Amino acid sequence: MDYGRSERPAGAAPLPTAIKILIAGGFGVGKTTLVGAVSETRPLRTEEVLTETGVGIDDLSGVEEKTTTTVAMDFGRITLSDDLVLYLFGTPGQDRFWFVWDELALGAIGAVVLADTRRLADCFPSIDYFEGRGTPFVVAVNCFEGAKQYRLDEVQGALDLDPDVPVVLCDARERESVKEVLITLLEYAMKLREERRRAAAD
Amino acid sequence: MTGQGELAEHEWVDDHAGPVVRPYAVTGGRARPVTGTFDLISLVTATRAEVGSESGLGPEHVAIVGLCQRIQSVAEIAAHLDLPVGTVRVLLGDLAARSLVQVREPRATPAGLPDDSVFEAVINGLRAL
Ligand SMILES: Nc1nc2c(ncn2[C@@H]2O[C@H](COP(=O)(O)OP(=O)(O)OP(=O)(O)O)[C@@H](O)[C@H]2O)c(=O)[nH]1
Ligand SMILES: [Mg+2]
């Protein structure tokens, strides 16, 4: 490729840096709502089409069947400055789409796991996933009306989290609340990096 | 309430073969781009104000050049054109091979993550929002 003869206007600013944060959690916990609360446009949707080849079990002919599945991801964009753009990606809920998670998690600076105290167990798969990958994450307890209020340390205990993992309350509909959650995640991710660097130096 | 709209979108996506077959037609059946990897958040900008009817370019290629007059991520291009990400990657590969788009892959250190200054800039940017 001929990089020398760029047709971009001379003096055009370099392209910004893009980073991403994942928003995970169980079905209907408020992932899309959270993305929409801080994004500059309403959440966008993108799709991956997956083709799986398999032999149908009920199919006596044994003919190979191709099944296509569409996995949808919601995402939003926050332009932080001329040279920095933040993308928030809601992870697809179904456990069988782990490989889409792998693509999403690659290069992500961290994740927010949304939890609903009425069904805490729904966020176990997300927590297991990010723990396993070493992706920094915070747990944000989305306060739905009518849900019994738990103390954050009770949630921490129930989720069997490393005591360093931040657990915060949030309202996924409120921009300020979501901003706070994201800032908590970034500060925690920086702290973790520092600790890992120090551990590596020892 | 966006509930109904979302439901309609789901139905459309799963509806028969249409949306699955069309992306294939768009790329001429190709599954991989001729060049580039195109992360979901790779940023793309057009190098020209428009492209004419250059040989081998379809309407979707032209649409991408139009969209990328403003910087867009791969995910945004896919969402705006209502095409699967894999299809958009193939189309972007064609455009990159002709130097019609410039692509910036996400900045990462060898460890796979952006450097500290990026974290600080994000925190400050969010506070100022
Ligand atoms: N009271 C209250 N309701 C919320 C909150 N966040 C989301 N909701 C509501 O909960 C419902 C589900 O929210 P979504 O954002 O669609 O949840 P989701 O996690 O994207 O759902 P799926 O993508 O289907 O898994 C919507 O009706 C929201 O309005 C919250 O913080 N408080
Ligand atoms: Mg959703």
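Residues numbered from 1 in each chain as written. Chains lettered and ligands numbered in written order. Predicted model: local features only at pLDDT ≥ 70, side-chain atom pairs only at ≥ 80, totals over all residues. Heavy atoms only, no water.

## Digging into the overall build of chain B
A count of helical and extended segments in chain B gives six helices and three strands. Put simply, chain B runs from its N terminus to its C terminus through helices and strands in the order α-α-β-α-β-α-α-β-α. Partitioning the contacts of chain B with sequence separation of at least 6, the portion at a separation of at least 24 is 69%. Carbon and sulfur atoms make up 55% of the accessible area of chain B, which totals about 6,500 Å². (Helix = DSSP H or I, 4+ residues; strand = E, 2+ residues; numbered from the N terminus. Contact = heavy atoms within 4.5 Å. Areas by Shrake-Rupley, 256 points an atom, 1.4 Å probe, with all protein chains shown as cover.)

## A word on the overall build of chain A
The helix and strand tally for chain A stands at five helices and seven strands. Each helix and strand of chain A, ordered N terminal to C terminal, gives the series β-α-β-β-β-α-β-α-β-α-β-α. Looking at chain A as a whole, 50% of its 202 residues are labelled buried. Here the contacts in chain A between residues at least 6 apart in sequence split such that 68% fall between residues at least 24 apart. Of the roughly 10,200 Å² of accessible surface on chain A, 52% is carried by carbon and sulfur atoms. (Buried < 20%, exposed > 50% of the residue type's maximum accessible area, 1.4 Å probe, protein only.)

## Comments concerning the interface of chain B and chain A
Counting residues at the interface gives 48 residues for chain B, matched by 44 residues for chain A. At the boundary of chain B with chain A, total buried surface from both sides reaches about 4,500 Å², with 63% on carbon and sulfur atoms. When the buried surface of chain B facing chain A is broken down by residue, B:Phe119, B:Leu126 and B:Leu129 rank first, second and third, together holding 15% of it. For the pair chain B and chain A, the interface holds seven salt bridges. Linking B:Arg89 and A:Glu103 is a salt bridge whose minimum nitrogen-to-oxygen distance equals 2.6 Å. Taken together, the connections running from chain B to chain A amount to 13 residue pairs in polar contact (both at pLDDT 80 or more). Sort the elements by how many residues they give to the side of chain B that touches chain A and helix α6 (residues 116–128) of chain B lands first, with 10 residues. Its residues assigned to classes, the side of chain B that touches chain A comprises 24 nonpolar, 11 polar and 13 charged. (Buried area = accessible area lost by both parts, 1.4 Å probe. Salt bridge = Lys/Arg side-chain N within 4 Å of Asp/Glu carboxyl O. Polar contact = N/O pair within 3.5 Å; in protein donor to acceptor, adjacent residues only side chain to side chain. Nonpolar A, V, L, I, M, F, W, Y, C, P; charged D, E, K, R; others polar.)

## Some details on the confidence of the model for chain B
Mean pLDDT over chain B: 81, with 76% of residues reaching 70 or higher. Here the predicted complex scores 0.85 on pTM and 0.83 on ipTM. (pLDDT = per-residue confidence, 0-100.)

## Some thoughts on the site of ligand 1
All names here are of chain A. Neighbouring residues of ligand 1: 15 residues in total, closest Gly28, Lys31, Thr32, Thr33 and Asn142. At 3.5 Å from a nitrogen atom of ligand 1 is found a main-chain nitrogen or oxygen belonging to Cys143. Relative to its free-state accessible area of 650 Å², ligand 1 is covered by the protein chains to the extent of 70%. Per-element accounting of the shell around ligand 1 gives the leading share, three residues, to helix α1 (residues 31–38). In the shell around ligand 1, the residues fall into five nonpolar, six polar and four charged. (Near = heavy atom within 4 Å.)

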